[in-house]
Amino acid sequence: MKKINFGYLFKKYGIALVFVLICAIFTAFRPNFINPNNLIEILRQVSFYGIVAVGMTFCLLTGGIDLSVGSNVGLALIVCAVFMAAKPISPDLTGGTNINPIIGAVLGILVSTGVGFFNGALINEINIPPLIVTLGMLEVIRGVVYVMTGAMPIYEGFEDYFRFLGQGSIGPIPVPVIIFLVIMAVGWIVLNKTVYGRYVYCLGGNAEVARLSGIDIKKIRYSVYVISGFLCGITGIILLSRLNSGQPRAAMGYEMEVVTACVLGGVSIAGGEGKLMGVFFGVLIMGILFNGLIQMNLSEFYQMIIKGAVLLMAVGLDTMSNARKRKLSEKAISKAKAGNV
Amino acid sequence: MKDNLLEMKGITKIYPGVVALDKMDISVKRGEVHALLGENGAGKSTLIKILAGAVQRDEGEILFDGISYDQYSPNDAIQMGISVIYQEFNLVSKMSIEENIFFGKEHRNGIFLDRNAMIKKAREVFKPLGVEIDPREKISNLNVAYQQLVEIAKAILNRSKLIVMDEPSAALCTRELEILFKLIRQFKGEGTSIIYISHRLEEVFEIADRVTVLRDGKYVDTKLVSETNKDELIKLMVGRKLTGGYPQNNQKRDKVVLKVKGLTNHKLKNISFELRRNEILGITGLIGSGQTDLVRAIFGADPYIGEIFVKGKKVDIRSPQDAIRYGISYLPEDRKQDGILLEMSVRFNMSIASLKYYSHRGFIDKDKENKTVQKYVDAIRIKTPSFEQKSKNLSGGNQQKVILGKWLACASDIIIFDEPTRGIDVGAKQEIYTLMNNLVHEGKSIIIVSSELPELIGMSDRALVIYNGKITAELEKQELSQELILSKASTEGCETA
């Protein structure tokens, strides 16, 4: 009895515990780690893929996945940059319209949201598995970004006030962090308080049950990829403002961080299970882990190894706990039956 | 006792929630055709699966050919000389006959397959069966009767001492059945034993030497066929009067609430019927005849052409959403696959279809949700420690009630139950029946799809029998009998299979 309670507690608060533990370890090695400036810096670093992780959570909860996020962030960023730039990078390329940053941002977000809709269309209408659709789009979109820029960064023509979004702060808190927290909060409300959120969980739990309960599962499936695309767009714009240049390689490999953060946070890759609160801590853990590793002067190559290992470990724990749960519940059921229901 | 090929003693198998077999005994002599009789859910399939090594028994002993066996696998069973021909054949439909019958025991020529040898051997096996068949034909191109022959050919190649046939006649027409019987007699002559499972008593009298009856997982009796009769067997099988134990619906049938006209799709041919207020309409047929396809179409889960009228108004049902809007609800056949989210709470499952009734601008009103759930948990007496209990921890009967509660919360007037008591133990069954009866008393209408004939006969005010996607009979309560339904459910035609 005690054991099960412990497992339940760990399931609920375990991720926060791991978070505290990792913080403690790094502080022990590098006392500077706990410094408020460093902590705020970590928060700022994670805000970018943290926003994307909210969209990813929606996709994962329906039993899908969006691997195109890295490229999609890059696309929004480049679309915005190209239109805002004072002149085309080279004569045969588009852009250089020196457009108002707000319109540029809207255009960037529209395009990446459109990509999300297109992902949804391929998944819903042609029945290609989400993993394949978004893996394909990951490549396609990055290609489009390179074609649009000739693989050259865009530097010129950004208005000064545009920098506020990525580099400014309100009080001590950087703007990206505020945006991240707001989006987290909205995502949490949508998933926990609305009918739509219920439907997302239901679809991931069992699509046929959802359909036979009168849920328009196609609509829900479209919507999560649109949400993911939209949040990629927002991230792209903030990232552009932060970098203050249109880097064609921006946000590369985000899918890795984001999926890992979600799974670390307890979102099941099989769908239907997971809390956004967990994802929040998953994102933070990823942040402190890499900040800590950098402070300990670990090379980028080792970081890659650790990144991959963390993902495998998180997924492994998820599947293992599922198998264990199945066994436990079977036992519980036969026990309940023996005691005459 | 020496002439017994198989002895199973005190076989017990317990699944979560159900005692499938309770100290079951059976013995089969060499060269004997032994019929196994019992209602659906009596434990026949479990017994067969244990014999085939597909399921491990919890208790009891198995003596085969003089040797006592402990745990063994399906592969061991084949080695021992036991072949089981399941109702759902165990064939790879995209592969050829020859590939299927030699699966796992391919003839080789060095490291390569010796196809010619296998094809030749296959022809030799089929010859005495008296059928012209090309071993290179794909299984998917064969009709059911031929697929069954392929299974029999597999059994012959295994040099089986015992062949178990699970409802072999279910999909066969008269002529095909005669061929099957000829084969069985031939096997018998060669000293092979047969366990023959069927619902149809006439077949038992035609082909079997002895018959063992099971009921509710327990051994009832074994009789020499020559010393018994139909009535006695039915009494042994059912163990009670057929209509007893079912609540009586004495409501007067009211106006038509659902009218279906010319409903057709890939499984259904021109189905028309009416359902009235306060009525329980039964739909039955052999497995896969189209009963489930019919109700799924009405619920909008499968596409169809044809017309549906709800309370006199023509409606266009293209999806379950539409059906729910018109007050139709559906409790699926496969509860765990299609009906309930096992990992989710009772509350989640019960409110998922009716959330829009207690939400404001998309936000759920938790108080109202809890009140609704409470109302139906009380009304249909769902036994759960709390609303937050995961559904998988409930018994089958209570899970079924959760699904029912979900639809009651939607205020449905027409409720379709598809095999409502499958895998549910006896006491809970009774409760479900009472609930159904209460619902029609409240003015609702019910369609019950069931292949358990006693249940269908006991519950229905009227019943449709479906064969091959067509209605072959519409029977009033007083006309309902097991024999009549079975004959209508496997009607004459040999056209397709």
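This one's a predicted model, so the numbers in the text were calculated from it and none came from an experiment.

(A) Spotlight on the overall build of chain B. Across its full length, chain B holds 17 helices and 24 strands. Relative to its length of 497 residues, chain B is compact, with a C-alpha radius of gyration of 25 Å against a globular reference of 23 Å. Each of the three principal axes of chain B carries a C-alpha extent, and together these read 75 × 50 × 45 Å. A burial count over chain B gives 46% of its 497 residues as buried. Partitioning the intrachain contacts of chain B with sequence separation of at least 6 by distance along the chain shows that 68% fall at a separation of at least 24.

(B) Summary view of the overall build of chain A. In terms of helices and strands, chain A carries 13 helices and two strands. Within chain A, the fraction of its 341 residues that count as buried is 48%.

(C) Summary view of the interface of chain B and chain A. Each partner contributes to the interface: chain B provides 27 residues, whereas chain A provides 25 residues. Mapped by element, the contributors of at least two residues to the side of chain B that touches chain A are helix 10 (320–325), helix 11 (335–339) and strand 20 (363–364) of chain B. Split by residue class, the side of chain B that touches chain A holds 14 nonpolar, eight polar and five charged.

(D) Seen up close, the sheet that holds strand 14 (residues 271–276) of chain B. All names here are of chain B. Read across the sheet, four strands follow the order 14-13-16-17 without closing on themselves; strand pairing throughout is antiparallel. Looking at which strands have only one partner, the edges of the open sheet turn out to be strand 14 and strand 17 (313–315). Across the sheet, the mean angle separating the axes of adjacent strands is 20° when strand polarity is ignored. Of the pairings in the sheet, the one linking strand 13 (residues 256–264) to strand 16 (residues 305–310) comprises five bridges and is antiparallel in character. Bridge pairing in strand 16 links lysine 259 to phenylalanine 309.

(E) Here's a closer look at the packing of helix 3 (residues 69–84) of chain A against helix 10 (residues 217–243) of chain A. All names here are of chain A. In the contact formed by helix 3 and helix 10, the axes pass within 7 Å of each other and the chain directions differ by 55°. Comparing their axes, helix 10 and helix 3 come out oblique. By crossing handedness, the relation of helix 3 to helix 10 is classed as right-handed. Contacts between helix 3 and helix 10 involve Val69, Asn72, Val73, Gly74, Leu75, Ala76, Leu77, Cys80 and Ala81 from the first element and Ser228, Gly229, Cys232, Gly233, Thr235, Gly236, Ile237, Leu239 and Leu240 from the second. A class-by-class count of the residues in the contact of helix 3 with helix 10 yields eleven nonpolar, seven polar and no charged.

(F) Structural detail: the confidence of the model for chain B. All names here are of chain B. For chain B, the average pLDDT comes to 86, and 94% of its residues sit at 70 or higher. With pLDDT under 50 throughout, residues 492–497 is counted as low confidence; its partners more than four residues away or in other chains account for eight contacts. For this predicted complex, the interface score ipTM comes out at 0.82, alongside a pTM of 0.77.

(G) Geometry of the pairing of strand 18 (residues 328–331) of chain B. Residues and elements named next belong to chain B. Of the two faces of strand 18, the one holding Ile328 and Tyr330 and the one holding Ser329 and Leu331 are both buried throughout. In terms of strand pairing, strand 18 meets strand 21 (residues 414–418) through four bridges, oriented parallel. Directly across from isoleucine 328, in strand 21, lies its bridge partner isoleucine 414.

(H) Highlighting the environment of B:Arg325. Its place among the elements puts B:Arg325 in helix 10. Sequence separation between B:Arg325 and B:Phe102 is 223 residues; the distance between their C-alpha atoms is 53 Å.

(I) Molecular detail of helix 5 (residues 130–149) of chain A. All names here are of chain A. Taking 1.5 Å of rise per residue, the 20 residues of helix 5 would be expected to cover 28 Å, and the 28 Å separating its terminal C-alpha atoms lies within 8% of that figure. Residues of helix 5 that are buried: Pro130, Val133, Thr134, Met137, Leu138, Ile141, Arg142, Val145, Met148 and Thr149. What you see down the axis of helix 5 is that its buried residues fit within an arc of 155°, all on one side. Residues Ile132, Glu139, Gly143 and Val147 are exposed on helix 5 and point more than 90 degrees away from its buried face. Looking at the buried side of helix 5, the elements it contacts are helix 3, helix 4 (101–125) and helix 11 (254–264). Downstream of helix 5 by one or two residues, glycine 150 has phi in the positive range, about 60°.

(J) Examining unusual backbone geometry more closely. Phi angles above zero are rare outside glycine, and A:Ala151 is one such case at about 65°. Along the chain, the position of A:Ala151 falls in the loop between helix 5 and helix 6 (164–167). Owing to 11 C-beta atoms within 10 Å, A:Ala151 belongs among the exposed residues under this scheme. Located in the positive-phi region is B:Asn270, a residue other than glycine, with phi close to 50°. Following the sequence through the fold, B:Asn270 ends up in the loop between strand 13 and strand 14.

(K) Quick peek at helix 12 (residues 276–295) of chain A. In a regular helix each residue adds 1.5 Å, so 20 residues correspond to 28 Å; helix 12 of chain A covers 29 Å between its end C-alpha atoms and thus fits that length. Counting buried residues along helix 12 of chain A, 15 of its 20 residues qualify, which places the element largely inside the surrounding structure.

(L) Region of the structure containing the confidence of the model for chain A. When the pLDDT values of chain A are averaged, the result is 86; 87% of them are 70 or greater. Within the model, pLDDT remains below 50 along residues 336–341 of chain A, and this stretch shows seven contacts once partners closer than five positions in the same chain are excluded.

(M) Spatial organisation of the sheet that holds strand 18 of chain B. Residues and elements named next belong to chain B. The six strands are arranged 18-21-22-15-23-24 in an open sheet whose pairing can be described as mixed. Each having just a single partner strand, strand 18 and strand 24 (470–476) make up the two edges of the open sheet. Within this sheet the neighbouring strands show an average axis-to-axis angle of 20°, counted without direction. Packing of helix 17 (residues 482–489) onto the sheet brings it into contact with strand 15 (280–285), strand 23 (462–467) and strand 24, and relative to strand 23 it is tilted by some 35°.

(N) Quick look at the environment of A:Leu138. Residue and element names in this part refer to chain A. Of note, leucine 138 is situated in helix 5. Separated by 26 residues in the primary sequence, leucine 138 and phenylalanine 164 have C-alpha atoms spaced 29 Å apart. Here leucine 138 is in contact with Leu67, Ser68, Gly70, Ser71 and Glu255, once residues within four sequence places are set aside.

(O) The packing of helix 2 (residues 36–61) of chain A against helix 10 of chain A, seen in detail. Residues and elements named next belong to chain A. Across the interface, helix 2 lies against helix 10 with an axial gap of 8 Å and an inter-helix angle of 175°. It follows from the interaxial angle that helix 2 and helix 10 lie roughly antiparallel. On the side of helix 2, the interface is formed by Phe48, Ile51, Val52, Val54, Gly55, Met56, Phe58 and Cys59, while helix 10 contributes Val224, Tyr225, Ile227, Ser228, Leu231, Cys232, Ile234, Thr235, Ile238 and Leu239. Residue composition of the contact of helix 2 with helix 10, grouped by class: 15 nonpolar, three polar and no charged.

(P) Inspection of the pairing of strand 23 of chain B at higher detail. Residue and element names in this part refer to chain B. Across five bridges, strand 15 lies against strand 23 in parallel orientation. From the neighbouring strand, glycine 282 faces strand 23, where its bridge partner is alanine 463. The pairing of strand 23 with strand 24 spans six bridges and is classified as antiparallel. Considered in strand 24, the bridge of isoleucine 466 is made with isoleucine 471. Turn length for the strand 23-strand 24 hairpin, with the two strands adjacent in sequence and antiparallel, is two residues, and the turn residue asparagine 468 shows positive phi of about 55°.

(Q) Structural detail: the environment of B:Ile298. All names here are of chain B. With respect to the helices, strands and loops of the structure, isoleucine 298 is situated in helix 9 (residues 291–298). Overall, the presence of 25 C-beta atoms within 10 Å leaves isoleucine 298 in the buried class. Taking the C-alpha atoms as reference, isoleucine 298 lies 29 Å from glycine 362; in sequence the two are 64 residues apart. Sequence-distant contacts of isoleucine 298, that is, excluding residues within four places in its chain, are made with Val260, Ile308 and Ile328.

What counts and how
- Residues numbered from 1 in each chain as written.
- Chains lettered and ligands numbered in written order.
- Predicted model: local features only at pLDDT ≥ 70, side-chain atom pairs only at ≥ 80, totals over all residues.
- Helix = DSSP H or I, 4+ residues; strand = E, 2+ residues; numbered from the N terminus.
- Rg over C-alpha atoms; globule rule 2.2 N^0.38 Å.
- Buried ≥ 20, exposed ≤ 12 C-beta atoms within 10 Å, placed from the backbone.
- Contact = placed C-beta atoms within 7 Å.
- Nonpolar A, V, L, I, M, F, W, Y, C, P; charged D, E, K, R; others polar.
- Pairing = 2+ DSSP bridges.
- Axes fitted to C-alpha atoms, helices over the stretch in contact; angles between N-to-C directions.
- Parallel < 35°, antiparallel > 145°, perpendicular 65-115°, else oblique.
- Left-handed = near helix turned anticlockwise from the far one by under 90°.
- pLDDT = per-residue confidence, 0-100.
- Expected span 1.5 Å × (residues − 1).
- Arc of directions from axis to C-beta.

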